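# Summary of the model geometry
What follows is the residue order along each chain.
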Amino acid sequence: MKRIILSGPSASGKTATMLLLEKMAMDEGCNIAGLICSPVFADGIKIAIEWKAACAGAKAGILAQLASDAAGKTQGRPYIDGEKLNFGKWLFDIRELDKADRQLHESILLAAGADHPVLVLADEIGPLELKWQSGFYNSFLEMDRLGAGLKLCMLVAARPDISEMLKIRWPDSQIVHLEYGKARECASQIHGTFCQFL
């Protein structure tokens, strides 16, 4: 069992790194599972977040959309407004969050029971999970329960402040710092770590 935390600020290329790793693993026939959340841009502005299962071609759904009153909003306490979870400048679709959490949770459980090494991607863990017990919280709890001896490599993307909290929570984890524009190099480094794990 190995935990790797991919640490990078917003827009540094965490998702690009995950997508590159997904392609590398698929090209080599490695076992990969998990969840990838990709930004959606319009006129250079991030307006939404899509999610998909790792190794699935099509996007599964829209996880969150930029709130119409997003300018100047800060992350306060999340609150439910109908079928949306309002958190900072984002409106999360509660049904999509639940589907994505179930997908990631199932991926972790299947990988934990596998008799061959599996790379599980979790893009990404943040304050919703750590502070508010929301978002991908069931999957996050499962990540906590993973024990030594499993043939599983868990890769979790997080911002630097969250990465430090995760390192405290998982002292045996390794942090890989992502520099802007270095997604390919970072993906190669993590891929090499996973290959050593095989």
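Here we summarise the structure given alongside this text. (Residues numbered from 1 in each chain as written. Predicted model: local features only at pLDDT ≥ 70, side-chain atom pairs only at ≥ 80, totals over all residues. Heavy atoms only, no water.)

The next point concerns the packing of helix α2 (residues 94-112) against helix α4 (residues 137-145). Contact geometry of α2 with α4 gives a least axis separation of 8 Å together with a crossing angle of 20 degrees. Here α4 runs roughly parallel to α2, going by the angle between their axes. Here α2 runs over α4; the crossing is left-handed. Only Tyr-137, Asn-138, Ser-139, Glu-142 and Met-143 of α4 make contact with α2, whose side of the interface consists of Asp-101, Leu-104, His-105, Ile-108 and Leu-109. Of the residues that constitute the contact of α2 with α4, the class distribution is 5 nonpolar, 3 polar and 2 charged. (Axes fitted to C-alpha atoms, helices over the stretch in contact; angles between N-to-C directions. Helix = DSSP H or I, 4+ residues; strand = E, 2+ residues; numbered from the N terminus. Parallel < 35°, antiparallel > 145°, perpendicular 65-115°, else oblique. Left-handed = near helix turned anticlockwise from the far one by under 90°. Contact = heavy atoms within 4.5 Å. Nonpolar A, V, L, I, M, F, W, Y, C, P; charged D, E, K, R; others polar.)

What follows deals with the environment of Leu-104. Secondary-structure assignment places Leu-104 in helix α2. Between the C-alpha atoms of Leu-104 and Tyr-137, which are 33 residues apart in sequence, the distance is 10 Å. Among all residues touching Leu-104, those that are not within four sequence positions of it are Gly-34, Leu-35, Val-120, Leu-121, Ala-122, Phe-136, Ser-139 and Met-143.

Along helix α5 (residues 160-169), the positions that sit buried rather than exposed are Ile-162, Ser-163 and Leu-166. In an axial view of α5, the angular spread of the buried residues amounts to 105 degrees, which keeps them on one side of the axis. Packing partners of the buried residues in α5 comprise β1 (2-7), α3 (127-130), α4, β9 (152-158) and β10 (174-177). (Buried < 20%, exposed > 50% of the residue type's maximum accessible area, 1.4 Å probe, protein only. Arc of directions from axis to C-beta.)

All right, on to the pairing of strand β3 (residues 45-53) then. Examined bridge by bridge, strand β2 (residues 31-42) and β3 share 8 bridges and lie antiparallel to one another. Across the sheet, Val-40 pairs through a bridge with Ala-48, a residue of β3. Counting the residues between successive antiparallel strands, the hairpin from β2 to β3 contains 2 residues, one of them, Asp-43, with a positive phi of roughly 55 degrees. Of the strand pairs in this sheet, β3 and strand β4 (residues 61-66) are connected by 4 bridges, and their pairing is antiparallel. Following the sheet pairing, Trp-51 is matched in β4 by Gly-61. (Pairing = 2+ DSSP bridges.)

Moving on, we come to the packing of aromatic side chains. Per the counting criterion, the structure on display carries 2 aromatic pairs. When the centroid spacing of 6.5 Å and the interplanar angle of 45 degrees are considered together, the rings of Tyr-137 and Phe-140 count as tilted. Taken together, the residues span about one helical turn, with Tyr-137 and Phe-140 both in helix α4 at a distance of 3 residues. Owing to a relative accessible area of 22%, Tyr-137 belongs among the partly exposed residues under this scheme. Among the residues examined, Phe-140 registers a relative accessible area of 0% and is labelled buried. Ring centres of Phe-140 and Trp-170 lie 6.0 Å apart, and the angle between their planes is 55 degrees; on these two criteria the pair is classed as tilted. One end of the pair, Phe-140, is in helix α4; the other, Trp-170, is in the loop between α5 and β10, and 30 residues separate them in sequence. Put simply, the rings of Tyr-137, Phe-140 and Trp-170 pair up and form one aromatic cluster. (Phe/Tyr/Trp six-rings, centres within 6.5 Å; stacked < 30°, edge-to-face > 60°.)

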